[in-house]
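Read off the chains here:
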Amino acid sequence: MKRPESPQYTTLSITALAYVPAVIAMMTVGVVVPFIDRLCAELGASRSEIGFAIALFSTPSAVLATVGGGLIDSYGLRRSMLLAACTSAAGSVLASQAHSLLALDGAMLVAGLGFGALCVALPCVIIATLQDGSRIRAMSFASTFAPTGYAAGLLLAVPFTTRGAWSLALLTHAALMTAAAIALAIWMPTISRAREPSLGPARRLTGMLSVFREPRAVRLGLAVALPNALSYGTSLAAPSYLARVHHLSLATSTASVALAKLTALIIGGLCMGYLLSRAVAPRLLFAVMAVVGLAAQAMLFLPSGGIALPTAALVIWLFAFGGMAGGAMTLLPTVTRDPSRSGAASGLVNQFISLASFAAPSTWLALNDGGQYVLLAAGCLLISALALPGAAVTRRAVPLNVTP
């Protein structure tokens, strides 16, 4: 692998170019959620219909992530990321101009298509350009992009909530995504693999889907997906549950909650990356974080004397989730026999995540008792810990050329 000698392509800059566009793309959901009631009134829709529109954001990656990862392998990271960033921006513009529920549904699908490509491309950029400890730390940190993006979207929406200016909030998000696309066009290096034999469409599709026959890739997808679903379900169920149990108002401070999430996730990802780069076994670290996460879930959902303990538990849970996601994703470069197919492997993992996240709202919102939440969390974390593949010797990558 030939890597750039120019100092502009440092670990930090490469990680930022991969991480920031995916975070901004995920912000779409965080921007929309605070305006659910306003959208219901203006579009003549029910909360469940708006919720379905939000769920459509995950549909493209749930259905197409593996194939999309194969296409990224074929057509290149830079070109794919530029197209995805423009698609995400277009989705936000379309959503800002939606005057019907059907129009909002279509806009969320478009935004989700761009997001799906960016979240698949993110680990591929890191795998293709970094090595050893730098790659481990970057991959661990980058694994927090989805909840970080959601929290950042909530923060972006805060100035617009008093006036219910959801359209302006989405246009602001589109401007941010456009700026990210421009940054990619200027600074993202071209990462090209050695030329491969030309294949017909049928054989190419078969090659993309063959990643499902990689046991380690499938196990990693399951191990990463369940904590993501648990985190998503917790974020949906905890506010109303805590309000009911502790007799609180739901009008909590969006900004403070989002900042707590950002702090816990980023610190968790950075700490786990540091530990993993020091040769701590990923499975051991994952198991420890799973135990910490389960304890946090118990503190969060089992009745206590006040709100202070559940609030601390939420921060601890987010820290543990950042550690589990970060530790697991450092194994991505080792789960396929052919290292040049990192896009397909990343797509498979993200497809598992999207499918699990799509099922999370109906599952967690159907529960009412704290014990049920804790038992479900225990089941998810146990299956994840058992499914996580062990560490393997990273294979030498197919030669790459990285050029400005």
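The paragraphs below set out a description of the structure included in this document. It should be emphasised that the depicted structure is a prediction, and the values quoted were computed from it without experimental measurement.

There is a patch of nonpolar side chains on the surface, built from Val93, Leu168 and Leu171 and spanning about 210 Å² of accessible area. Residue placement: valine 93 occurs in helix H5 (residues 77–96).

This structure, assessed with the given rule, holds five aromatic pairs. A ring pair is formed by tryptophan 317 and phenylalanine 321, whose centres lie 6.3 Å apart and whose planes are at 35°; its orientation type is tilted. Here the residue tryptophan 317 and the residue phenylalanine 321 both occupy positions in helix H14 (residues 308–329), the gap between them amounting to four residues, near one helical turn. Neither tryptophan 317 nor phenylalanine 321 differs from the other in exposure class; each is buried. An aromatic cluster of at least three residues, connected via ring pairs, comprises Phe57, Phe115 and Phe145.

When the charged atoms of two side chains lie near each other, side chains of opposite charge can form a pair. Under the definition given, this model contains one salt bridge. Of the charged contacts in the structure, one is a salt bridge between arginine 38 and glutamate 42, with a shortest N-O distance of 2.7 Å. With a gap of four residues between them, arginine 38 and glutamate 42 both fall in helix H2 (residues 36–43), about one helical turn apart. Using a relative accessible area of 38% as the deciding quantity, one classes arginine 38 as partly exposed.

A separate point is the environment of alanine 320. Among the secondary structure elements, alanine 320 is positioned in helix H14. Not counting residues within four places of it along the chain, the set of residues in contact with alanine 320 comprises Met289, Val292 and Gly293.

This part covers the nonpolar core. Of all hydrophobic cores here, the largest spans 112 residues; its most connected members are Ile50, Leu104, Phe145 and Leu220. The element contributing the most residues to this core is helix H6 (residues 101–129), with 16 residues. Apart from the residues within four sequence positions on either side, isoleucine 50 is in contact with Ile36, Leu39, Cys40, Leu43, Ala45, Leu101 and Leu104.

Our focus in this paragraph is the side chain of threonine 15. Examined against the element boundaries, threonine 15 turns out to sit in helix H1 (residues 11–32). Relative accessible area serves as the criterion here: at 8%, threonine 15 is assigned to the buried category. Polar side-chain contacts of threonine 15 include one of 2.7 Å to the backbone oxygen of threonine 11. Excluding residues that lie within four positions of it along the chain, threonine 15 makes contacts with Leu130, Ala138 and Phe141.

Contact geometry of helix H13 (residues 282–301) with H14 gives a least axis separation of 8 Å together with a crossing angle of 160°. In terms of their interaxial angle, H13 and H14 are classed as roughly antiparallel. Considering the relative orientation of H13 and H14, their crossing is left-handed. Contact residues: Pro282, Phe286, Met289, Ala290, Val292, Gly293, Ala296, Gln297, Met299 and Leu300 in H13; Leu309, Pro310, Ala313, Leu314, Ile316, Trp317, Phe319, Ala320, Gly323, Met324, Gly327 and Ala328 in H14.

Criteria and thresholds
- Residues numbered from 1 in each chain as written.
- Predicted model: local features only at pLDDT ≥ 70, side-chain atom pairs only at ≥ 80, totals over all residues.
- Heavy atoms only, no water.
- Patch = residues over 30% accessible without salt bridge, like charges linked within 9 Å, V, L, I, M, F, W, Y side chains within 5 Å.
- Areas by Shrake-Rupley, 256 points an atom, 1.4 Å probe, with all protein chains shown as cover.
- Salt bridge = Lys/Arg side-chain N within 4 Å of Asp/Glu carboxyl O.
- Helix = DSSP H or I, 4+ residues; strand = E, 2+ residues; numbered from the N terminus.
- Phe/Tyr/Trp six-rings, centres within 6.5 Å; stacked < 30°, edge-to-face > 60°.
- Buried < 20%, exposed > 50% of the residue type's maximum accessible area, 1.4 Å probe, protein only.
- Contact = heavy atoms within 4.5 Å.
- Core = buried A, V, L, I, M, F, W, Y, C linked by side-chain atoms within 4.5 Å.
- Polar contact = N/O pair within 3.5 Å; in protein donor to acceptor, adjacent residues only side chain to side chain.
- Axes fitted to C-alpha atoms, helices over the stretch in contact; angles between N-to-C directions.
- Parallel < 35°, antiparallel > 145°, perpendicular 65-115°, else oblique.
- Left-handed = near helix turned anticlockwise from the far one by under 90°.

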